[in-house]
Amino acid sequence: MTSYTLEPYSENPNAYQMIKKTPNTKNARVGIQYGLTDSELLSLNTNINDLDRRGWSFVEHSPENLKRLTPDTKTGNSQSWKIIVVILNEDGCMKGALRGDDGTIMLMSSLSPECQIDYQYRLIKSKDKEWKICQARMIAPLFFWREIQYRI
């Protein structure tokens, strides 16, 4: 049986990532996160004593932020998306959970032009011409994961 858990990220123990556990693997990090279900996200244990937002704040569910979080890819263009939750760090990194028309959820991180300068990993286009999507798993503060659960 497959299950999911949250574990601290090794390079930043104040940020958490989803880990997929199957009969064959115990610590498979979930990569680009498309097609997640409510039950998978609700199964995550967020009952951890960590309330610090560490420079992150909630931002508006605006059309501009939706464009910044939506990849300009086959999957991103395959359906309409709505924001469940979106947060922004003071350095220009945005993280969001989006719900598609089919009911599934995707988790995206997007970088402002300033934030992209020092980012050394692969980026893909977003629907916003200046912002880019991180092609990586979601690593986010605990309050982000909790807020997703509250809103779904």
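Refer to the structure above for everything that follows.
Every residue gets a number counted from 1 within its own chain, in the order that chain's sequence is written. Owing to the predicted nature of the model, reporting of local features is limited to residues with pLDDT of at least 70; listing and counting of side-chain atom pairs is limited to 80 or more, with chain, interface and lining totals taken over all residues. Here the side-chain values reflect all heavy atoms present in the structure, with hydrogen atoms and water set aside.

Caption draft 1: The arrangement of the overall build of the chain in detail. In terms of helices and strands, the chain carries four helices and eleven strands. By the compact-globule yardstick of 15 Å for 152 residues, the chain fits well, its C-alpha radius of gyration being 15 Å. When accessible area is computed with a 1.4 Å probe and restricted to protein chains, residues below 20% of their type maximum are described as buried, those above 50% as exposed, and intermediate ones as partly exposed. In the chain, buried positions account for 45% of the 152 residues. Across the chain, contacts joining residues at least 24 apart in sequence account for 55% of those joining residues at least 6 apart. Every accessible area reported is derived by Shrake-Rupley at a probe size of 1.4 Å, with residue values counting cover from the shown protein chains alone. Total accessible area on the chain is roughly 8400 Å²; 46% of this is exposed by carbon and sulfur atoms. In this charge count, Lys and Arg are treated as positive and Asp and Glu as negative; neither His nor the chain ends contribute. Charged side chains are reduced to one point each, which is NZ for Lys, CZ for Arg, CG for Asp and CD for Glu. Across the chain, the mean location of the 20 positive side-chain charges is 6 Å away from that of the 18 negative side-chain charges. Numbered from the N terminus, helices here are DSSP runs of H or I no shorter than four residues, and strands are runs of E no shorter than two. Computation of the radius of gyration draws on C-alpha atoms alone. For the globule rule, the value is 2.2 Å times the number of residues to the power 0.38. Contacts are assigned to residue pairs that have any heavy atoms within 4.5 Å of one another.

Caption draft 2: Highlighting the packing of aromatic side chains. Each aromatic pair joins two rings of Phe, Tyr and Trp (for Trp, the six-membered one) with centres within 6.5 Å, and gets the label stacked for planes under 30 degrees apart, edge-to-face for over 60, and tilted for any other angle. Here the structure, examined in full by the defined rule, presents three aromatic pairs. Measuring from centroid to centroid gives 5.9 Å for F144 and W145, while their planes differ by 80 degrees, and the two rings are edge-to-face. Side by side, F144 and W145 carry an identical accessibility label, which is buried.

Caption draft 3: Spatial organisation of the nonpolar core. Remark: nonpolar core denotes a set of buried residues (Ala, Val, Leu, Ile, Met, Phe, Trp, Tyr, Cys) joined through side-chain atoms within 4.5 Å. Of all hydrophobic cores here, the largest spans 25 residues; its most connected members are M18, L41, A97, L107, F144, W145 and I148. Where this core is concerned, the elements lending two or more residues are β1 (3-9), β2 (12-21), β6 (81-89), β7 (93-100), β8 (105-111) and α4 (142-151). Per element, the largest residue contribution to this core is five residues, and it comes from α4. The residues touching A97, leaving out its near neighbours within four places in the chain, are K82, I83, I84, V85, I105, M106, L107, F144 and I148. Counting eleven residues, the second largest nonpolar core, distinct from the first, contains L69, I83, M106 and M108.

Caption draft 4: Looking closely at the pairing of β8. Counting buried positions over the seven residues of β8 gives seven, a clear majority of the element. Burial along β8 is two-sided: the face carrying I105, L107, S109 and L111 and the face carrying M106, M108 and S110 are both buried. Strand pairing requires that DSSP identify at least two bridges connecting the strands. Sheet topology places strand β4 (residues 33-36) next to β8; two bridges connect them, and they run antiparallel. Bridging from a neighbouring strand, L36 pairs with I105 of β8.

Caption draft 5: Molecular detail of the environment of T5. Note that T5 resides in strand β1. With 41 residues separating them in the primary sequence, T5 and T46 have C-alpha atoms 9.0 Å apart.

Caption draft 6: Main features of the pattern of salt bridges. Counted as salt bridges are all cases of a side-chain nitrogen of Lys or Arg within 4 Å of a carboxyl oxygen of Asp or Glu. Across all of its chains, the model carries three salt bridges by this definition. In this structure, R99 and D38 form a salt bridge, with 2.9 Å as the shortest nitrogen-oxygen distance. With a gap of 61 residues between them, R99 in strand β7 and D38 in helix α1 (residues 38-42) connect regions that are remote in the sequence. Take D38: its relative accessible area is 26%, and that puts it in the partly exposed class. Notably, a salt bridge pairs D128 with R68, separated by 3.8 Å at the nearest N-O pair. Note that D128 is positioned in the loop between β9 (123-125) and β10 (132-134) and R68 in helix α2 (residues 63-69), a separation of 60 residues in sequence. A relative accessible area of 17% places D128 in the buried class.

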